[in-house]
Amino acid sequence: MEHIVFIDRDGVINMDSPDYIKSRSEFEFIPRSPEAIALLTQKGFDVIVITNQSVIGRKMITQETLDAIFQKMKVGVKKAGGKIKDIFFCPHTPRENCSCRKPNPGLILDAQKKYQISLDQSCLVGDSAKDIECALNAGCAKTVLVKTGNGPKAQQELSCKGISPDYIALDLYEAACWIIENVKP
Ligand SMILES: [Mg+2]
Ligand SMILES: [Zn+2]
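It should be emphasised that the depicted structure is a prediction, and the values quoted were computed from it without experimental measurement.

Asks: Would you take a moment to explain the nonpolar core for this structure?
Replies: One recurring pattern in soluble globular proteins is that nonpolar side chains are buried together. Counting residues in hydrophobic clusters, the biggest one holds 35 residues, and the most contacted among them are I7, L40, V125, L172 and I179. A total of six residues in this core trace back to one element, the largest contributor, which is helix α7 (residues 172-182). Setting aside residues up to four positions removed in sequence, I179 forms contacts with V5, L40, F45, C123, V125 and V144. Among the nonpolar cores identified, the runner-up in size contains 25 residues, and I50, I108, I117 and L158 belong to it.

Asks: Would you explain the packing of helix α1 (residues 33-42) against α7 in this entry?
Replies: When two helices pack together, their arrangement is captured by the angle between the axes and the distance separating the axes. Axis separation between α1 and α7 bottoms out at 8 Å; the angle between their running directions is 15 degrees. Classified by the angle their axes make, α1 and α7 are roughly parallel. Read as a crossing pair, α1 and α7 show a hand that is left-handed. For the pair α1 and α7, contact is made by S33, E35, A36, I37, L39 and L40 and by L172, Y173, A176, C177, I179 and I180, respectively. The class makeup of the residues in the contact of α1 with α7 is ten nonpolar, one polar and one charged.

Asks: Could you clarify how one ought to interpret helix α3 (residues 63-79) in this entry?
Replies: An α-helical segment advances 3.6 residues per turn. Residues three or four places apart therefore align on the same side. The end-to-end C-alpha distance of α3 is 24 Å, a good match for the 24 Å that 17 residues give at a rise of 1.5 Å each. Listed in full, the buried residues belonging to α3 are L66, I69, F70, M73, G76 and V77. Each buried residue of α3 sits inside an arc of 125 degrees when the element is viewed along its axis, so together they form one side. Exposed residues on α3 whose side chains face more than 90 degrees from its buried face are E64, K78 and K79. Buried residues along α3 sit against α1, β2 (46-52), α2 (54-57) and β3 (84-90). A positive backbone phi angle near 100 degrees is found at G81, which sits one or two residues after α3.

What counts and what doesn't
Along each chain, the written sequence defines residue order, and numbers are assigned to residues from 1. Labels follow written order: the first chain is A, the first ligand is 1, and so on. Local features in this predicted model are restricted to residues whose pLDDT is 70 or higher, and side-chain atom pairs enter the listing and the counts only when it is 80 or higher, whereas totals over whole chains, interfaces and linings include all residues. Remark: hydrogens and water are excluded; side-chain values derive from all non-hydrogen atoms of the structure. Take the buried residues of types Ala, Val, Leu, Ile, Met, Phe, Trp, Tyr and Cys, join any two whose side-chain atoms come within 4.5 Å, and each joined set is a nonpolar core. Each residue gets one of three labels from its accessible area relative to the maximum for its type: buried under 20%, exposed over 50%, partly exposed in between, using a 1.4 Å probe on protein chains only. Counting from the N terminus, the helices are DSSP H or I runs at least four residues long and the strands are E runs at least two residues long. In what follows, residue pairs with any heavy atoms lying within 4.5 Å of each other are defined as contacts. In this analysis, axes come from line fits to C-alpha atoms, helices being fitted only over the stretch in contact, and the angle between any two N-to-C directions falls in the range 0 to 180 degrees. Each angle receives one of four descriptions, namely roughly parallel if under 35 degrees, roughly antiparallel if over 145, roughly perpendicular if within 65 to 115, and oblique otherwise. Each helix crossing is assigned a hand: it is left-handed if the near helix lies turned anticlockwise from the far helix by less than a right angle, otherwise right-handed if that turn is clockwise. Classification convention: Asp, Glu, Lys, Arg as charged; Ala, Val, Leu, Ile, Met, Phe, Trp, Tyr, Cys, Pro as nonpolar; all other residues, Gly among them, as polar. Take the residue count of a helix, subtract one, and multiply by 1.5 Å to get its expected span. Note that the arc is computed from the directions linking the helix axis to the C-beta atoms.

Dropping the structure here:
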């Protein structure tokens, strides 16, 4: 049985930018985020990153560059003692109306198929309303919104839509601590 924590990338693991993350050097960890993933790994959770990367569809970066950025993330997490089990990303622009761009549940459903995940025992950490909505659309048991990145704006958007995340955390580290206490691994 896999116990999965789905984590959004930009604004949760690394600093987000309105200009997108287009190179390895633009990828900067938010403080304590590698340690947060290490904590989850050590407590028996599997971490899967799910991320919208329309920079590919917008032809702003190549697949090779995106892979290099993912590599920097994986190496940084590994150095802290954690592991990213897999990464699922949507390369499309909003205009393409794909089924994988969050808030659509495609990325989580792809992960579920690949790893036979029980979504009713999985949770998601994100900084945007579309992350939380994606988790609800896919049937994840628990959702955590972080206050880093887009979090403050997302809090307002979600409350307008009548959606309440199970927990609102300061950052990924606090989210990990909450998950360890509140979701059985
Ligand atoms: Mg984000
Ligand atoms: Zn897509």
